[in-house]
Amino acid sequence: MKLGFACKYLDADFKQPFPFKATTRTRFLSLKQEEQSALLYQLATNNLNHLLATFNALATQPDALRMMRIGSDLLPLFTVPEASRLYQELLPDLAPLFTACGEVAKANNIRLSFHPGQYSVLASDNPLVVERAREDVEYHALCAVMLGYGRAFQDFKINIHMNGKQGFAGFQAAFGQLSEEARRMLTVENDEISCSLDDVLQAAELCPVVLDIHHHWVKENEFITPDDARIERIKASWRGVRPVLHYSISQEGLIPETGFPDQLTLGIGKSKLRAHSDFYFNDTLNNWALSFADFDIMCEVKMKNIARNRLWQHGMLQKDA
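Residues numbered from 1 in each chain as written. Predicted model: local features only at pLDDT ≥ 70, side-chain atom pairs only at ≥ 80, totals over all residues. Heavy atoms only, no water.

Caption draft 1: Representation of the sheet that holds strand β8 (residues 296-299) in the model. Pairing is parallel in the closed barrel, where 8 strands are placed in the order β1-β2-β3-β4-β5-β6-β7-β8. Strand after strand, the sheet turns through a mean of 30° between neighbouring axes, direction not considered. Relative to β8, strand β1 (residues 3-6) runs parallel, the two being bridged by 3 bridges. The residue of β8 that forms the bridge with glycine 4 is methionine 298. (Pairing = 2+ DSSP bridges. Helix = DSSP H or I, 4+ residues; strand = E, 2+ residues; numbered from the N terminus. Axes fitted to C-alpha atoms, helices over the stretch in contact; angles between N-to-C directions.)

Caption draft 2: Highlighting the pattern of salt bridges. Tallied over the full model, the rule gives 11 salt bridges. The partner of arginine 69 in a salt bridge is glutamate 300, with the nearest N and O atoms 2.8 Å apart. Here the residue arginine 69 occupies a position in strand β2 (residues 67-69), and glutamate 300 occupies one in the loop between β8 and α13 (304-320), the gap between them amounting to 231 residues. Glutamate 300 carries the same exposure label as arginine 69, and that label is buried. Where aspartate 296 meets arginine 111, a salt bridge forms, and the shortest distance between an N and an O atom there is 2.8 Å. (Salt bridge = Lys/Arg side-chain N within 4 Å of Asp/Glu carboxyl O. Buried < 20%, exposed > 50% of the residue type's maximum accessible area, 1.4 Å probe, protein only.)

Caption draft 3: The arrangement of empty space enclosed by the protein in detail. According to the stated counting rule, one finds 2 cavities of 30 Å³ or more in the structure shown. Here the largest cavity is characterised by a volume of approximately 40 Å³. What lines the largest cavity is simply His214, Trp217, Phe223, Ser248, Ile249, Ser250, Ile255, Pro261, Leu285 and Trp288. At the level of secondary structure, the elements contributing two or more residues to the lining of the largest cavity comprise α8 (213-220) and α12 (283-290). The residue makeup of the lining of the largest cavity, split by class, is 7 nonpolar, 3 polar and no charged. Here the second largest cavity is characterised by a volume of approximately 30 Å³. Looking at the lining of the second largest cavity element by element, the count peaks at 3 residues for strand β3 (residues 111-114). Split into classes, the residues belonging to the lining of the second largest cavity amount to 5 nonpolar, 1 polar and 2 charged. (1 Å grid on protein atoms, 1.4 Å probe; cavity = no way out; pocket = protein on both sides within 12 Å on 5 of 7 lines; lining within 4 Å. Points joined across faces, edges and corners; volume = space filled by probe spheres on them. Nonpolar A, V, L, I, M, F, W, Y, C, P; charged D, E, K, R; others polar.)

Caption draft 4: Spotlight on the packing of α12 against α13. The contact between α12 and α13 brings their axes to 11 Å, and the two run at 80°. Considered as vectors, α12 and α13 are oriented roughly perpendicular to each other. Listed contacts from α13 to Asp283, Asn286, Asn287 and Leu290 of α12 are Leu311, His314, Gly315 and Gln318. Class assignment of the residues belonging to the contact of α12 with α13 gives a composition of 2 nonpolar, 5 polar and 1 charged. (Parallel < 35°, antiparallel > 145°, perpendicular 65-115°, else oblique. Contact = heavy atoms within 4.5 Å.)

Caption draft 5: Expanded view of unusual backbone geometry. Of note, phenylalanine 14 is a non-glycine position whose phi angle comes to about 65°, a positive value. The topology assignment puts phenylalanine 14 in the loop between β1 and α1 (25-29). Using a relative accessible area of 38% as the deciding quantity, one classes phenylalanine 14 as partly exposed. Unusually for a residue other than glycine, arginine 239 sits at a positive phi of about 50°. For arginine 239, a relative accessible area of 45% translates into the label partly exposed.

Caption draft 6: Geometry of the pairing of strand β7 (residues 244-247). Side-chain alternation along β7 places Val244 and His246 on one buried face and Leu245 and Tyr247 on a second face that is also buried. For β7 and β8, the ladder comprises 4 bridges, and the chain directions are parallel. Within β8, the position partnered with valine 244 by the bridge is aspartate 296.

Caption draft 7: The arrangement of helix α4 (residues 127-146) in detail. Taking 1.5 Å as the rise per residue, α4 with 20 residues should run 28 Å; its terminal C-alpha atoms sit 28 Å apart, in good agreement. Turning to α4, its buried residues are Val129, Val130, Ala133, Asp136, Val137, Tyr139, His140, Ala141, Cys143, Ala144 and Met146. Close packing links the buried residues of α4 with α3 (81-107), β3, β4 (157-161), α5 (167-175), α6 (180-185) and β5 (186-189). Capping of α4 at its N-terminal end is provided by asparagine 126; its side-chain oxygen lies 2.9 Å from the backbone amide nitrogen of leucine 128. Glycine 148 occupies a position one or two residues after α4 and carries a positive phi of about 105°. (Expected span 1.5 Å × (residues − 1). Polar contact = N/O pair within 3.5 Å; in protein donor to acceptor, adjacent residues only side chain to side chain.)

Caption draft 8: Quick peek at the state of the cysteines. For the coordinates displayed, the defined rule picks out 0 disulfides. For cysteine 195, which is in no disulfide, the shortest distance to another cysteine sulfur is to cysteine 207 and amounts to 11 Å. Residue classification places cysteine 195 among the buried residues on the basis of a relative accessible area of 4%. (Disulfide = S-S within 2.5 Å.)

All we've got here are geometric facts, nothing functional implied.
Printed below as a string of structure tokens:
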């Protein structure tokens, strides 16, 4: 089992030694074209060099900790039309850095993913929203391809939600319009508001299903278990690739520090229960997440790799007990 973290790598002082940099659309558009190009190149080279440094740091850690979700701002403002045109000229110069990052990741068995934002809704009933969502997915696919992925089914994961008024039918239609590389990498997860696990399982023939166990609890007030019949359907959707689940818990102070919380007795609205904690403070829930032995776990927690490391250490102690 691998345990991953999302986007920001923290050191022992809870600081980011390798931060990504971004800019605003307003600032970018206020510049002359030459200045725009220089800014994008500066930001992109910073981010790629810091991604490489992060991979090199992960390469020194146990194999179980070599898993990461890369931040979506790797190439800032890429989907802004004025920036997209400039990036087409910059990509050849950025290619060696992409290649170096991908080579380190592959050589050290680092499992990678992207997670486009909540506004990338392929199942929307608004054609413009769907078009922008496809552009966003293709941007992430381009970055993965430049890193050297997208050549085999699920050699890289690009995960989205299936929310949207068009439901599975809309998702299916938009999925068919994606590039071959994007279709190889796309996964879909259940959410806590509009799209249940049963809804998402409709897409299992198209792409792998990512199980978010916290989302499922918030939506259904159910702690799904590894022997649930749906788990085998999820695993089958990965077609032999090790599946991934997402693990988070509600914020400190909202749920007990031990035991399985019950929404009916908590009396707390789902909107508050959705938010992620700083650390995994409830070992009952930690043991539950780690019981999904056939899955790798993406840890969605505010203290990133530090909280992930503590979860891994807890799991190791449980094995030794």
